[in-house]
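Each chain, written out:
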Amino acid sequence: MSGQRTRHTAITGIGVVAPNGLRTDTYWKSVKEGLNVLDRITREGCGHLPLRVAGEVRGFDPSALIEDTFLVQTDRFTHFALAAADAALEDAGLSGIAADAPYSVGVVTAAGSGGGEFGQRELQKLWGQGARFVGPYQSIAWFYAASTGQISIRRGFKGPCGVVASDEAGGLDAVAHAARAVRRGTDVVVVGAAEAPLAPYSMVCQLGYPELSTVEDPSCAYRPFTSAACGFVPAEGGAVLVVEDADRAHRRGGVVRATVAGHAATFTGASRWDRSREGLAHAIRAALDEAGCAPEEIDVVFADALGSPEADRAEALALADALGPHGTRVPVTAPKAGIGRSYCGAPLLDIAAAVLAMEHGQIPPTPGVFDVCHEIDLVTSTARPAELRTALVLSRGLMGSNAALVLRRGPGTAA
């Protein structure tokens, strides 16, 4: 309607649960230092499977963070989401917001598969002991929408809620969905994604992905953009953000850490990496158009970095197609090479890293990668100091989704 002001979507809170850090500060320290925490899988019941290396979240005690009432009805992927949501709300200074305005807060999450560990446990009871031994929460705990529902119920949020199921790129799509909700009038949205794909049943399902790395040495199992690229390594964890109307954040004294400036998504077919070049380039151009951003304004790219030769080549060419000559000059990084790909959670962790990189003026390196074989300026070895105002985050899914998100640095947040 004419006369209405344009509402801009600000990121004011970040919560992280990742293989390299159970808090945002520890995650950033590890990412900035380029640490590789990939290791042999230690989860029970997985030792006989050909998938040997992953990014496990270790030392996470959900009972210390989440009430028993919610623990018994939720899977590990929701435990991560609940913990990250608490941290994001605290970071934003909005821990008590539901008491004041429950209908002004929405929740949006993305999920690739849901609660595999919980589902496997209950199915084993069904076939091993009988139907009456299956718990009543089986019907909801495995469901990919469980994290959205449990965050909203536990926190008393009654605003617009949703779940995005659009492949790994759904993490970026969920943030775009939340940004649209803010522009339409919702004050605050808790948005994110966290995954827990390392239960035996979940791992067997992943074995059908031709892009999955089954290399047994953690130091070379996931090396994107190199001649030794052999696929990706899965991971647990993810991140949750608090996004809100930027003017509202300023009025309440909140810190605008970054703004969501533009987004676009395309679909090019499962494992059709030859087509993903065009689809990803189109998504990048459309996201830049929405952001009103010229290619030369992009200061850093957080790459999808699938780790298969064909997919990596398509991504490098898509950057050149969409950004022109700037595509070979702009610094590119892939911190996920040191922690693995947590499916929908991976682009959320990249958003968190991008916001922190802009705040600290440091582009984190791509762990374990030194021999780059594509025409991109991949940051390796150590963090690179830089004045960062605008970041481009990319994500692709194994089923064919492509997405791009443009972030602008928040006012006065640079180190």
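Quantities reported herein were computed from a predicted structural model and do not represent experimental measurements. Going along each chain's sequence as written, the residues are numbered from 1 onward. Restriction of local features to residues with pLDDT of at least 70 applies here, the model being predicted, together with a cutoff of 80 or more for giving and counting side-chain atom pairs; totals for whole chains, interfaces and linings are based on all residues. Calculated side-chain values reflect all of the structure's heavy atoms, with hydrogen atoms and water omitted.

**Re the domain arrangement of the chain**
- Taken as a whole, the chain is organised into domain 1 (9-257) and domain 2 (260-412).
- Annotation comment: domain bounds sourced from an automatic or database domain assignment. Distance between the C-alpha centres of domain 1 and domain 2: 21 Å.
- Contacts between the two partners involve 62 residues from domain 1, matched on the other side by 68 residues from domain 2.
- Together, the buried faces of domain 1 and domain 2 total about 5200 Å²; carbon and sulfur atoms form 67% of this surface.
- The salt bridge criterion pairs a side-chain nitrogen of Lys or Arg with a carboxyl oxygen of Asp or Glu, the two atoms within 4 Å. At the boundary of domain 1 with domain 2, the tally comes to three salt bridges.
- Here Asp371 makes a salt bridge to Arg223, at a shortest N to O gap of 2.7 Å.
- Polar contact criterion, stated in full: a pair of N or O atoms within 3.5 Å, where within protein one must be able to donate a hydrogen and the other to accept it, and residues adjacent in sequence count only if both atoms are side-chain atoms. Put simply, domain 1 and domain 2 have 26 residue pairs in polar contact (both at pLDDT 80 or more) between them.
- Strands are runs of DSSP state E lasting at least two residues, helices are runs of H or I lasting at least four, and both sets are numbered from the N terminus onward. Secondary structure elements with two or more residues in the side of domain 1 that touches domain 2: strand E1 (9-17), helix H1 (24-33), helix H8 (170-184), strand E6 (188-195) and strand E7 (237-245).
- Per-class residue counts for the side of domain 1 that touches domain 2 are 35 nonpolar, 17 polar and ten charged. In what follows, a contact means two residues having at least one pair of non-hydrogen atoms within 4.5 Å. Here the quantity called buried area is the total loss of accessible area, with a 1.4 Å probe, experienced by two parts when brought into contact, counted for both. When residues are grouped by polarity, Ala, Val, Leu, Ile, Met, Phe, Trp, Tyr, Cys and Pro land in nonpolar, Asp, Glu, Lys and Arg in charged, and all others, Gly among them, in polar.

**Comments concerning the state of the cysteines**
- Note on terminology: pairs of cysteine sulfur atoms within 2.5 Å are recorded as disulfides. A full pass over the atoms with the stated rule returns zero disulfides.
- Cys205 provides the cysteine sulfur closest to Cys46, a residue in no disulfide bond, and the two sulfurs are 12 Å apart.
- Its sulfur unpaired, Cys220 is 6.6 Å from the next cysteine sulfur, which belongs to Cys230.

**Considering the sheet that holds E6**
- Strand order in the open sheet formed by eleven strands is E5-E4-E6-E7-E1-E8-E15-E14-E9-E10-E12, and the pairing between neighbours is mixed. The two strands at the open ends of the sheet, each matched to only one other strand, are strand E5 (161-164) and strand E12 (377-378).
- By the convention used here, strands pair only if DSSP detects at least 2 bridges between them. Pairing of strand E4 (residues 105-110) with E6 involves six bridges; the strand directions are parallel. Each residue of the ladder has a partner; that of Val105, found in E6, is Val188.
- Contacting E1, E6, E7, strand E8 (258-267), strand E9 (300-302), strand E14 (390-396) and strand E15 (401-409), helix H13 (residues 345-360) crosses the sheet at an angle of about 170 degrees to E14. Every axis corresponds to a line fitted to the C-alpha atoms, with the helix fit spanning only the stretch in contact, and the corresponding angles, defined between N-to-C directions, vary from 0 to 180 degrees.

**Some words on the side chain of Asn20**
- Mapped onto the elements, Asn20 comes out in the loop between E1 and H1.
- Only 3.3 Å separates the side chain of Asn20 from the side chain of Ser30, close enough to count as a polar contact.
- The contact partners of Asn20, leaving out residues within four places of it in the chain, are Thr26, Tyr27, Ser30, Val31, Val37 and Ile339.

**Thoughts on unusual backbone geometry**
- One non-glycine residue with positive phi stands out, namely Asp167, at about 75 degrees.
- Residue placement: Asp167 occurs in the loop between E5 and H8.

**Brief notes about the packing of aromatic side chains**
- Here a Phe, Tyr or Trp ring, Trp counted by its six-membered ring, pairs with any other such ring whose centre lies within 6.5 Å, and the pair is stacked when the planes are under 30 degrees apart, edge-to-face when over 60, and tilted otherwise. Under the defined criterion, the tally for this structure stands at four aromatic pairs.
- Geometrically, the ring pair formed by Phe60 and Phe80 is edge-to-face, given 5.0 Å between the ring centres and 65 degrees between the ring planes. You can see Phe60 sitting in the loop between strand E3 (53-54) and helix H2 (68-71) and its partner Phe80 sitting in helix H3 (residues 76-92), a full 20 residues away along the chain. The same class applies to Phe60 and to Phe80, which are both buried.
- For the ring pair Trp142 and Phe143, a centre distance of 5.5 Å and an interplane angle of 65 degrees mean the geometry is edge-to-face. For the exposure calls, accessible area comes from a 1.4 Å probe over protein chains only, and a residue counts as buried if that area is under 20% of its type's maximum, exposed if over 50%, partly exposed in between.

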